[in-house]
Amino acid sequence: MAAEREPPPLGDGKPTDFEDLEDGEDLFTSTVSTLESSPSSPEPTSLPAEDISANSNGPKPTEVVLDDDREDLFAEATEEVSLDSPEREPILSSEPSPAVTPVTPTTLIAPRIESKSMSAPVIFDRSREEIEEEANGDIFDIEIGVSDPEKVGDGMNAYMAYRVTTKTSLSMFSKSEFSVKRRFSDFLGLHSKLASKYLHVGYIVPPAPEKSIVGMTKVKVGKEDSSSTEFVEKRRAALERYLQRTVKHPTLLQDPDLRQFLESSELPRAVNTQALSGAGILRMVNKAADAVNKMTIKMNESDAWFEEKQQQFENLDQQLRKLHASVEALVCHRKELSANTAAFAKSAAMLGNSEDHTALSRALSQLAEVEEKIDQLHQEQAFADFYMFSELLSDYIRLIAAVKGVFDHRMKCWQKWEDAQITLLKKREAEAKMMVANKPDKIQQAKNEIREWEAKVQQGERDFEQISKTIRKEVGRFEKERVKDFKTVIIKYLESLVQTQQQLIKYWEAFLPEAKAIA
Amino acid sequence: METHAEAGKEGKPSCASVDLQGDSSLQVEISDAVSERDKVKFTVQTKSCLPHFAQTEFSVVRQHEEFIWLHDAYVENEEYAGLIIPPAPPRPDFEASREKLQKLGEGDSSVTREEFAKMKQELEAEYLAIFKKTVAMHEVFLQRLAAHPTLCRDHNFFVFLEYGQDLSVRGKNRKEILGGFLRNIVKSADEALITGMSGLKEVDDFFEHERTFLLEYHTRIRDACLRADRVMRAHKCLADDYIPISAALSSLGTQEVNQLRTSFLKLAELFERLRKLEGRVASDEDLKLSDMLRYYMRDSQAAKDLLYRRLRALADYENANKALDKARTRNREVRPAESHQQLCCQRFERLSDSAKQELTDFKSRRVSSFRKNLIELAELELKHAKASTLILRNTLVALKGEP
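Scoring rules and cut-offs
- Sequence order as written defines residue numbering, which begins from 1 separately in each chain.
- Both sets of labels track the order of writing: A upward for chains, 1 upward for ligands.
- In view of the model being predicted, local features appear only for residues whose pLDDT reaches at least 70, and side-chain atom pairs are presented and counted only at 80 or more, with totals across whole chains, interfaces and linings using the full set of residues.
- Working from all heavy atoms in the structure, the side-chain values ignore hydrogens and water.
- In what follows, a contact means two residues having at least one pair of non-hydrogen atoms within 4.5 Å.
- By convention, the term buried area covers the 1.4 Å-probe accessible surface removed from two parts as they join, with the contributions of both added.
- When a carboxyl oxygen of Asp or Glu is within 4 Å of a side-chain nitrogen of Lys or Arg, the pair counts as a salt bridge.
- Whenever a nitrogen or oxygen atom comes within 3.5 Å of another N or O atom, the pair is scored as a polar contact, on the condition that within protein one atom can donate a hydrogen and the other can accept it, and that pairs from neighbouring residues in sequence are kept only if both atoms are in side chains.
- Secondary structure follows DSSP: runs of H or I at least 4 residues long count as helices, runs of E at least 2 residues long count as strands, and numbering of each begins at the N terminus.
- Note that Gly is not counted as nonpolar here; it falls among the polar residues with everything else outside the nonpolar set of Ala, Val, Leu, Ile, Met, Phe, Trp, Tyr, Cys and Pro and the charged set of Asp, Glu, Lys and Arg.
- A helix is expected to span 1.5 Å for every residue after the first.
- We define the bend at each residue as the angle formed by axes fitted to the 7 residues ending at it and the 7 residues starting at it.
- Residues with no salt bridge and a relative accessible area higher than 30% make up the patches, which join like charges within 9 Å and nonpolar side chains (Val, Leu, Ile, Met, Phe, Trp, Tyr) within 5 Å.
- In this description, accessible areas are obtained by the Shrake-Rupley approach with a 1.4 Å probe, and a residue is regarded as covered only by the protein chains that are shown.
- With a 1.4 Å probe rolled over the protein chains alone, any residue whose accessible area is under 20% of its type maximum counts as buried; one over 50% counts as exposed, and the rest are partly exposed.
- An automatic or database domain assignment supplies the start and end points of every domain.

Caption draft 1: Broad picture of the interface of chain A and chain B. With 58 residues of chain A at the contact, the number on the chain B side is 66 residues. The contact between chain A and chain B buries some 5,800 Å² in all, and 71% of this surface belongs to carbon and sulfur atoms. Between chain A and chain B we count 6 salt bridges in total. In this structure, the salt-bridge partner of K363 of chain B is D356 of chain A, at a minimum N-O distance of 3.7 Å. Linking chain A with chain B are 17 residue pairs in polar contact (both at pLDDT 80 or more), by the criterion used here. Those elements that place two or more of their residues in the side of chain A that touches chain B are helix 1 (14–35), helix 13 (304–354), helix 14 (358–437) and helix 15 (440–516) of chain A. Here the side of chain A that touches chain B takes 24 residues from helix 13 of chain A, the largest share from any one element. Here the residues of the side of chain A that touches chain B sort into 31 nonpolar, 15 polar and 12 charged.

Caption draft 2: Structural detail: helix 7 (residues 260–330) of chain B. All names here are of chain B. Spanning 71 residues, helix 7 covers 101 Å between terminal C-alpha atoms, matching the ideal 105 Å at 1.5 Å per step. Along helix 7, the largest kink reaches about 35° and is centred on D286. Downstream of helix 7 by a residue or two, N331 has a phi angle that is positive, lying close to 55°.

Caption draft 3: Up close: a nonpolar patch on the surface. Residue and element names in this part refer to chain A. A surface patch of nonpolar side chains, amounting to about 290 Å² of accessible area, comprises I281, M284 and V285. When you line up the elements, I281 lands in helix 12 (residues 278–296). Here I281 falls in the partly exposed class, since its relative accessible area comes to 43%.

Caption draft 4: Quick peek at the domain arrangement of chain A. All names here are of chain A. Each domain of chain A was delimited in the assignment, giving domain 1 (139–277) and domain 2 (317–518). Centre-to-centre, using C-alpha coordinates, domain 1 lies 18 Å away from domain 2. Counting from both sides, the interface comprises 21 residues of domain 1 and, opposite them, 22 residues of domain 2. With both sides pooled, the region where domain 1 packs onto domain 2 buries about 1,900 Å², and carbon together with sulfur makes up 57% of that total. Per-residue buried area on domain 1 facing domain 2 is highest for I204, R241 and R245; these three make up 32% of the total on that side.

Right, dumping it as structure tokens:
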């Protein structure tokens, strides 16, 4: 059959191939920077796929590296692909000529061309790809904001309602700008629906923000202090990031539940999201059962890509957790520094008041003012430390948990397929026994069962292949997003640090003449 | 552990807290110091052309207790009652630092080798800084004595500087420390009593003002000093936080296979540099602000002590007056009462005069020291902020530059 059972091995040195590709990518990266005169921009202007000429390799790298989208376009057309290798695209789009790309393994070209000729599924994927491109490319335009938290109701039944505003030019929405009111459990409900539909087929569904009984209780009880406003703000920001990540996912964006969440003014209350409800407890039990099952599944991993990726994510998870803990300590100490600076400012002011030498007294009061302003700076910086750096890390720790979950689903899928095969075998044995014992009606039944289980085996295989394919695509997309996300946030965070230092310069420069004026 | 410090070089922090305009006929400095187990041995070097000394240049080795002995000798000397006695240097205290080093040594296996090396480096730097500070504080004590026209001629001072052998001054034993406490309590009670004494009027506005001023000033400067210490410690903590962050970023970077690799590695480098800068900010705040406040807290206490002695002399004078009146009415032992009253009057006036001078000097010393340190503080803060901005900007350019 045209479609191979398993992804054809990309040569034995598959992991090393990837490494070569990564180096190759870097190679192109450096050429890009020398080739281009203008500063490299991350977002590509629309480059039509057919533009690539098969002749020279020179200009190709330039186009290749800039265009993120074409990866996806061609990814669908192939069974297996390393999504981090833009070099492959020119090979596919042009008339296949194996001699095209010198750097990366040319042996990989042949299988890909074959699978390009697959008809129906490819077309279907293409059209979905086009939607994805529309979603991913410069036409992708949807902005979500979560704002205006307000308390609704009183006492223990109170809740916070958030305004969810959508601005979009996508045609699937009836309006270009609209907003609705949602409460936290609505978000959880949305996630639970999306998870139930997409997780088990291999899509990485972004996790919703975590519940917090303590935090919410304080708000309900009506404590109007800084810790509860902080809590609400933290939650609001987390909800916003959650929705933004969800809509960035091309498949999830198409989901009617998501659309309903964003658009409809009334939403049925999601009660099964409560921690201590029946559904909640069922969830906990299921999670525990899953964990046990995971330990007992011994999967025959024929595809080293999956094993490698799992290991990679495991390492990433560990490192992120370590970093997150250290950043949390940083936030805490910066807040302490801020508090201590404020206290010092006050005592410097008092000292200035006591000082009977006028010029020195004035200088000390100025010092107190400077320190007060610096305290503000420290507070703002701690804010930035937290919301940019720390929350990014905790988001990704939970996202990686979702990724791991998807890999686990694949294992379960494999298990199901494997079980079906075992059962089929048993049914065949049973049939053989019946043949020997010569019981005609039982034989018929056995034959029926065999047919039934053959179908199940086929379905199991298809499901497994599908989930494997989806996961590869998803992981590629996830990694791209991760790179983009981290880079954006790191740059923003560093800019906040620069801002703080510049303010410090301003304050001390203003103070210096005051100190010099002491006579 | 043995640590040497070359005091007298650029690392001369606390000296800067005090403005010394001494005459150059007597120059004292601590040219070397050694830290052994729990003692610090200071090498006190004197250069002088005064005829009193046998040589023009000579050194002796002294320990902290001998400095205290010298200080107490001055305090107990009636001749110097009208002077502000420079505050004694604090006892060298490496306890906290030593404990931290020990804890680090006991080890935390989750820490990588680089992290461990950095933390050890930090703690060693801290130990060294404390060491340098204690040397500087002992030095400034001696230098103030040398610079003071009256105090520099004290016999005990010469002995301290010149006598080659151990002064056989042991540290105060418990009884003496307790005795010291009690004396302080008695002194405060006495002060309270004197001020409450009826008929004891402060005749001089200057001193009235100084008393109110010093009382309030001393409390507030002590407060400011404590809080400045806390700021400095929080800053140090923050700098130390960058160590694990840099390490984690470094391992993240080495693991990544995509573009984030260079980003993380650059970020790791950035945080390492920022750590050093934050550390310097913390130590500059310590030296220019905390230490200065601490010094003047002690100096203002010495000034308060002077006021107390003068007040005591005034009380004695008042009592002598009363005794004289009584003697005159009874017409008995008038002559001794008269001479006693004379003595008290003279003493009081002598103290008042010198106290006035001392307090004026104290003020000008304080003002110029604050000025110097605040200017230096501001300049250093600016320097570090500019350096931080530079490295941050460079990293941003590098990060934005890659696709």
